[in-house]
Amino acid sequence: MTGCCSAERRCTLRYGKGEVELDLSQAASVSWLYGNEMPSISDLSEAFRRAVEEDCEGAPLRARLSTGDKITIILSDITRFWMRQDKICELLVKYLEAVCGVADKNIAVLIALGTHRPMTEKELETLASPYVYARCQVLNHDCDASNLVDVGITRYGNRVEVNPLVVGRKVIVVSGTVHHLMAGYGGGRKSILPGICSRATIRRNHCMALDPQEARSSEHVGSGKLTDNPIHEDMDDAAALVAPAFGVSIVVNAGAGHSGIFCGDFQTAWMRSCAFCQKYYGKEIAKETDVVIASCGGFPKDLNLYQGVKSLLNGVNALKRGGTFVFLCECPEGGGAPDFFDWTKPLSQGRLDPALREAFTIAGYIFYASCESIRKAGRFMMLSKIDPALVRDMGIESFQNVEDIQKNLQLAGKSVTVIPYGGYVLPQNSATYAKLNGEF
């Protein structure tokens, strides 16, 4: 079975569409790190009904709407289709029609692209479901549109410009909650900023990921961090200016099945989903180990480095400073984001930090944060199809076959942690675990 180890400590882990094996028999100890087992929703239709009527924060959905209301449903784009928002969107629209008496012509579905590319018509149909696509307007947000509306300023002085479809209408946000390296958690208010804001508003928000004085990430941003996190607080203020009428926050398990649906008052329902996410994906560890071996879990999680890097950023939390990190990430699509490896040039010139401050992009920051995490390791080895020259300046030794990694892996007397599904578990030492749980 993938992710298990025999008495001889030969472990098999997913890599791309196949598996690879490593011999850990020389290690002093081997521990395996998984997320906590999550509940699974068997009847999604009934779970949705209960969530919007009985278990919601504040008034049920039907009490918040009138038959003549114009409604905008905000959905995430195709990069977040792991939450299967199409199923929720179809249930939501059917509920609006049958229970709330809202006409299809009064419902618009807006895809929260942020600065991502527009969805194709086929992708719009996939995201909203064929049922909804056939009945309602389904539209891409454009962060560079000329008709964006100024709705106010956040506590950080960020002028918030939003899509006109969220002004003067009842807004319902459907989003998925996960740990997020900048905003603490994804979903919720993130569907407003960056989701449906202008490029300028997004850039002003995201630039706060960097420390205002030092050449490093801000100590206030990071996975699970909400208190004093300027990115989160700025997003929170932007969402309050839009004032969504209702929130639907989804949490899925490692098998991409729906595990929790949290509805009602936008902010409080989302916070409940964050607590649920931390409970199941946050994992307390007793100590860091000499070696960490982390797999993304294979295809499609390791299609490219931009996507697979979450397993790196999570897994390094289980590693002793100066230890060895082994990263299994096939990357048949290379870096993924068009500009991901463009940041190698300023890195090699020793000017990555000023270059990112001058022209901040999300891909640039993920590259930047990856380099910060890689520096914790004394040696960082990656099994990948990526050209070794592309990642050398990042501090990564890229190998094409697992046998070469095995030859270079010195395990005698070492403690080892194996993480078979790196994107689904966030290791936290006792102090961090207590602090992040204290957010709720």
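Residues numbered from 1 in each chain as written. Predicted model: local features only at pLDDT ≥ 70, side-chain atom pairs only at ≥ 80, totals over all residues. Heavy atoms only, no water.

### Some points on the UniProt feature "domain: LarA-like N-terminal" (unreviewed entry) in the protein
Feature annotation in UniProt assigns "domain: LarA-like N-terminal" (unreviewed entry) to the following positions: residues 15-214. Counting secondary structure, residues 15-214 comes out at 25% helix and 24% strand; the distance between its end C-alpha atoms is 37 Å. (UniProt positions renumbered as here; feature names shortened; annotations may be inferred. Helix = DSSP H or I, 4+ residues; strand = E, 2+ residues; numbered from the N terminus.)

### Points about the pattern of salt bridges
Tallying each qualifying case throughout the model produces 27 salt bridges. Here E57 and R272 are joined by a salt bridge, their closest N and O atoms 3.4 Å apart. Placement of the pair is E57 in the loop between α1 (44-53) and α2 (61-64) and R272 in helix α8 (residues 266-281), with a sequence separation of 215 residues. On the basis of relative accessible area, E57 is assigned to the partly exposed category, the value being 25%. A salt bridge links E90 to K94, with the shortest nitrogen-to-oxygen separation between them at 2.8 Å. Taken as a pair, E90 and K94 lie in helix α3 (residues 85-98) at a separation of 4 residues, close to a single helical turn. Where salt bridges share partners, they join E46, R49, R50, E53, E54 and R62 into one cluster. (Salt bridge = Lys/Arg side-chain N within 4 Å of Asp/Glu carboxyl O. Buried < 20%, exposed > 50% of the residue type's maximum accessible area, 1.4 Å probe, protein only.)

### Some remarks on the pairing of strand β8 (residues 159-162)
Here β8 shows a buried face lined by V160 and V162 and an unburied face lined by R159 and E161. Adjacent in sequence and paired antiparallel, strand β7 (residues 149-153) and β8 are bridged by 5 residues, among which G157 carries a positive phi angle near 80°. (Pairing = 2+ DSSP bridges.)

### So, the environment of Q406
Mapped onto the fold, Q406 is located in helix α14 (residues 402-408). Residues Q406 and F341 lie 65 residues apart in sequence; the distance between their C-alpha atoms is 27 Å. Q406 has contacts with L22 and D23, leaving out every residue within four places of it along the chain. A distance of 2.7 Å separates a polar side-chain atom of Q406 from the backbone nitrogen of D23. (Contact = heavy atoms within 4.5 Å. Polar contact = N/O pair within 3.5 Å; in protein donor to acceptor, adjacent residues only side chain to side chain.)

### Section: the pairing of strand β4 (residues 71-76)
With 6 of 6 residues buried, β4 lies mostly within the body of the structure. Across the two faces of β4 the burial is the same, with I71, I73 and L75 and T72, I74 and S76 all buried. For the crossover from β4 across α3 to strand β5 (residues 107-112), the handedness is right-handed. Two strands pair when backbone bridges link them, and β4 and strand β9 (residues 170-176) are joined in this way by 4 bridges, in the parallel orientation. (Right-handed = clockwise from strand over helix to strand, strands pointing away.)

### Remarks on the packing of aromatic side chains
For the structure on display, the rule yields 13 aromatic pairs. Between F360 and Y365, the aromatic rings sit 6.0 Å apart at their centres with planes inclined by 20°, giving stacked as the arrangement. Like Y365, F360 is buried. When the centroid spacing of 6.0 Å and the interplanar angle of 20° are considered together, the rings of Y365 and Y368 count as stacked. On the criterion of helical spacing, the pair formed by Y365 and Y368 is a turn pair, its members being 3 residues apart in helix α12 (residues 362-374). Per residue, the accessibility class of Y365 equals that of Y368, and both read buried. Three or more aromatic residues joined by ring pairs make a cluster, and in this case those are Y306, F340, F341 and F367. The side chain of K17 reaches across the aromatic face of F299, ending 4.7 Å from its centre. (Phe/Tyr/Trp six-rings, centres within 6.5 Å; stacked < 30°, edge-to-face > 60°. Lys NZ or Arg CZ within 6 Å of the ring centre and 35° of its normal.)

### What to know about the sheet that holds strand β6 (residues 137-140)
As summarised here, the arrangement of the 6 strands in space is β6-β5-β4-β9-β12-β13, forming an open sheet in which the pairing is mixed. Across the chains shown, the open sheet's two edge strands, defined by having one partner strand only, are β6 and β13 (258-264). Taking each pair of neighbouring strands and ignoring which way they run, the sheet shows an average axis angle of 20°. Taken together, the 6 bridges between strand β12 (residues 246-252) and β13 define a ladder with antiparallel strand orientation. Its bridge partner being in β13, S249 is matched across the sheet by F262. Sheet contacts for α1: β12 and β13; angle to β13, the most-contacted strand, approximately 25°. (Axes fitted to C-alpha atoms, helices over the stretch in contact; angles between N-to-C directions.)

### Considering the side chain of D353
Mapped onto the elements of the fold, D353 is located in helix α11 (residues 352-358). Overall, D353 belongs to the buried group, its relative accessible area being 12%. At a separation of 2.6 Å, a polar atom in the side chain of D353 contacts the side chain of R357. Among residues more than four places away in sequence, those in contact with D353 are L210, A215, R216 and Y368.

### Some words on the UniProt feature "domain: Lactate racemase C-terminal" (unreviewed entry) in the protein
The sites that UniProt annotates as "domain: Lactate racemase C-terminal" (unreviewed entry) are residues 287-422. The annotated region residues 287-422 carries 35% helix and 22% strand content, and the separation between its end C-alpha atoms amounts to 17 Å.

### Quick look at α8
Compared with an ideal rise of 1.5 Å per residue, which puts 16 residues at 22 Å, α8 spans 22 Å between its outermost C-alpha atoms and is within 8% of the ideal. Three or more residues of α8 are buried, namely F266, A269, W270, S273, C274, F276, C277, Q278, Y280 and Y281. (Expected span 1.5 Å × (residues − 1).)

### Notes on unusual backbone geometry
Cis geometry is found at the peptide bond from L193 to P194, where omega equals 15°. Looking at the element boundaries, P194 is found in the loop between β11 (184-185) and α6 (199-206). For the peptide bond that leads from F299 to P300, omega is 0°, which places it in the cis range. For P300, the location among the structural elements is in the loop between β15 (289-295) and α9 (305-315). Phi is positive for A243, close to 55°, though the residue is something other than glycine.

### Some thoughts on the packing of α9 against α12
Between α9 and α12, whose axes approach to 10 Å, the crossing angle comes to 35°. Handedness of the α9/α12 crossing: left-handed. From α9, Y306, V309, L312 and L313 reach across to α12, where they touch I362, A363, I366, A369, S370, S373 and I374. Per-class residue counts for the contact of α9 with α12 are 9 nonpolar, 2 polar and no charged. (Left-handed = near helix turned anticlockwise from the far one by under 90°. Nonpolar A, V, L, I, M, F, W, Y, C, P; charged D, E, K, R; others polar.)

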